[in-house]
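# Architecture and fold: a report
Now for the letters of each chain:
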Amino acid sequence: MSDDVPLEVTEAAGDWHDRLSANASATERRAFADWLLRSPVHVEEFLRLGALREEIKGLAQPDWIADLLGEANADVFEMPRRAPGPPFRTRRPVRRRRLAAAASVAAAVVLACIAWLAPPSTAVDPATVATTVGEQRSMVLSDGSTITLNTDSLVDLRITATSREVDLLRGEVLFDVAKDPHRPFRVTSGDITVESVATRFSVYRRLEDTLVAVVEGRVAINWRPASQGVLRSAPDASNQQSFEIGAGQQVALSSVAPVAPTPVDPSKVTAWTERRVVFENETLEAVVAEFNRYNRMNLRVGDPGLAKRRITGSFDVNDIDHFISVLDGLEPIRVEVAADGHRALHLRREP
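Starting afresh in each chain, residues are numbered from 1 along the sequence in its written order. Given that this is a predicted model, residues contribute local features only at a pLDDT of at least 70 and side-chain atom pairs are listed and counted only at 80 or more, while totals for whole chains, interfaces and linings are drawn from all residues. With hydrogens and water excluded, all non-hydrogen atoms of the structure serve as input to the side-chain values.

### Focus: the overall build of the protein
Stated precisely, the cut-off is as follows: The secondary structure listing takes helices from DSSP runs of H or I that are at least 4 residues long and strands from runs of E that are at least 2 residues long, numbered from the N terminus. By definition in these notes, contact holds between two residues if any of their heavy atoms fall within 4.5 Å.
Per the secondary structure count, the protein includes nine helices and 18 strands. Expressed as a percentage of contacts within the protein between residues at least 6 apart in sequence, the contacts between residues at least 24 apart total 56%.

### Considering helix H1 (residues 7–19)
Note the cut-off: Take the residue count of a helix, subtract one, and multiply by 1.5 Å to get its expected span. Whether a residue is buried, partly exposed or exposed follows from its accessible area with a 1.4 Å probe, protein chains only, as a fraction of its type maximum: under 20%, in between, or over 50%, in that order. As used here, the arc is the angular range of directions from the helix axis to the C-beta atoms.
The first and last C-alpha atoms of H1 sit 18 Å apart over 13 residues, in line with the 18 Å expected at 1.5 Å per residue. Listed as buried for H1 are Val 9, Thr 10, Ala 13, Gly 14, Trp 16 and His 17. When H1 is viewed along its axis, its buried side chains cluster within an angular range of 160 degrees and face the same direction. Exposed and oriented more than 90 degrees from the buried face of H1 are Glu 8, Glu 11 and Asp 18.

### Some remarks on the sheet that holds strand E15 (residues 299–301)
Where we set the bar: Pairing between two strands requires that DSSP report at least two bridges joining them. Axis lines are fitted through C-alpha atoms, for helices just across the contact stretch, and the angle between N-to-C directions can take any value from 0 to 180 degrees.
Taken in spatial order, the three strands make up an open sheet running E15-E18-E17, and their pairing is mixed. Only two strands of the sheet have a single partner each, and these edge strands are E15 and strand E17 (333–337). Pairs of neighbouring strands in the sheet enclose a mean axial angle of 30 degrees, with direction left out of account. Two strands pair when backbone bridges link them, and E17 and strand E18 (residues 343–347) are joined in this way by five bridges, in the antiparallel orientation. Paired with Val 335 across the strands is Leu 345, a residue of E18. On the sheet, helix H7 (residues 284–292) packs against E15 and E18 and is oriented at approximately 165 degrees with respect to E15.

### Structural notes on the environment of Leu 174
With respect to the helices and strands, Leu 174 occurs in strand E5 (residues 164–176). Separated by 29 residues in sequence, Leu 174 and Val 203 place their C-alpha atoms 6.7 Å apart. Not counting the four nearest positions on each side in its chain, Leu 174 is found in contact with Thr 146, Ile 147, Thr 148, Arg 200, Phe 201, Ser 202, Val 215, Thr 270, Trp 272 and Thr 273.

### Quick notes on the confidence of the model for the protein
So the rule is basically this: The pLDDT value expresses, per residue, how confident the predictor is, ranging between 0 and 100.
On average, residues of the protein score 77 in pLDDT, and 71% of them are at 70 or above. Note that pLDDT drops below 50 for residues 117–122; the model gives that stretch two contacts with residues more than four away or on any other chain. The model gives residues 227–235 a pLDDT under 50, and that stretch makes nine contacts with residues more than four places away or in other chains.

### Topic: unusual backbone geometry
Although it is not a glycine, Asp 152 adopts a positive phi angle of roughly 50 degrees. Looking at the element boundaries, Asp 152 is found in the loop between strand E3 (146–149) and strand E4 (154–159). Its relative accessible area of 31% is what places Asp 152 among the partly exposed residues.

### Observations regarding the pattern of salt bridges
Going by this rule: Any carboxyl oxygen of Asp or Glu within 4 Å of a side-chain nitrogen of Lys or Arg constitutes a salt bridge here.
Applying the stated criterion across every chain yields a total of 18 salt bridges. Note that Lys 268 and Glu 282 form a salt bridge whose closest N and O atoms lie 3.6 Å from each other. Residue Lys 268 is located in helix H6 (residues 266–269), and its partner Glu 282 is located in strand E14 (residues 276–283); the two are separated by 14 residues in the primary sequence. When the shortest N-O distance is used, the salt bridge between Asp 321 and Arg 343 registers 2.8 Å. Taken together, the positions of Asp 321 in helix H9 (residues 320–330) and Arg 343 in strand E18 put the pair 22 residues apart, joining distant regions of the chain. A cluster of three or more residues bridged by salt bridges with shared partners is formed by Glu 165, Arg 186 and Glu 195.

### Some points on the packing of aromatic side chains
To be explicit about the condition: Only Phe, Tyr and Trp rings take part, Trp by its six-membered ring, and two of them pair if their centres are within 6.5 Å. Stacked means planes under 30 degrees apart, edge-to-face means over 60, and tilted covers everything else.
Evaluated as defined, the whole model comprises seven aromatic pairs. With a centroid separation of 6.3 Å and an interplanar angle of 40 degrees, the aromatic rings of Phe 279 and Phe 315 are classed as tilted. Of this pair, Phe 279 sits in strand E14 while Phe 315 sits in strand E16 (residues 310–316), placing them 36 residues apart in sequence. A single burial state applies to Phe 279 and to Phe 315, both of which are buried. Clustering of aromatic rings is evident, with ring pairs tying together Phe 279, Phe 291, Phe 315 and Phe 323.

### Quick word on the environment of Leu 207
Mapped onto the elements, Leu 207 comes out in the loop between strand E8 (200–205) and strand E9 (210–216). The class of Leu 207 is exposed, set by a relative accessible area of 91%. Along the backbone, Leu 207 and Ser 254 are 47 residues apart, and their C-alpha atoms lie at a distance of 9.5 Å.

See below:
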């Protein structure tokens, strides 16, 4: 097992190797595809165990996986790669490249499975897609677009012959939009609508605002500030604002805050797809809140002064121990573990 891969992922990967045989059923293949798309970490660990088994025992992976990959060249939609840009600091750059490659392999393997199980012409999009805490999920829609849901997210989908509509009810989603000038792709988050023809962008619905960030291309945003309590059936058109933002820009929109797009590194926008979080001069309070999105055992800040400590860095979302060790190097930290498993961070004061 790799040091930074959760034990349950390694065990699940081993279980899939045991279950997937030349006679694997269609149901098993669908379940395997679903498991792979939850995280590129799943793909990396499955491939790592496969290589290890083949080296030690001569146990090659089932032929059907290789056959599907060989037939997928003309039909598979490969997950778009991250746009180039200045890299953020990270302790494991090699691992990040491996995860990016694993994500592409995941798309190829899973979409090959889907193509084998059902022709594209019969594809039907689900009405709702959701993830639980700590889970991530990618899906290719019937129009060729890809949506990737981050932890604890929920969307409603309405993809028809004449329109492409997504309602973000909770969480964060990265959209890779397939070009279709006759069917603009619209994402709604409360009173905000983001419209695109062909681009790559993310929408994050937070408690107090919605954050829209563009990785590639441009998006149009329609927004009604201070519209709380206004029924959608009777919108206040005079209060609506429309504007565009492009690649490398983001904007946070609430019910009252003024519009002020700011620059953002595209690699930071998509870091979570590689199970990483990136912070630039953010308070420990905000950093802890971000970690808690991915982990059921939460962190808490026990000292008000410590909560305002500024943090810059890139971290694995599941490696809380490493984050605490880095923090302890900045400020002496004492950790209290509660009976429910949650951990409280306090300044360690010398007697």
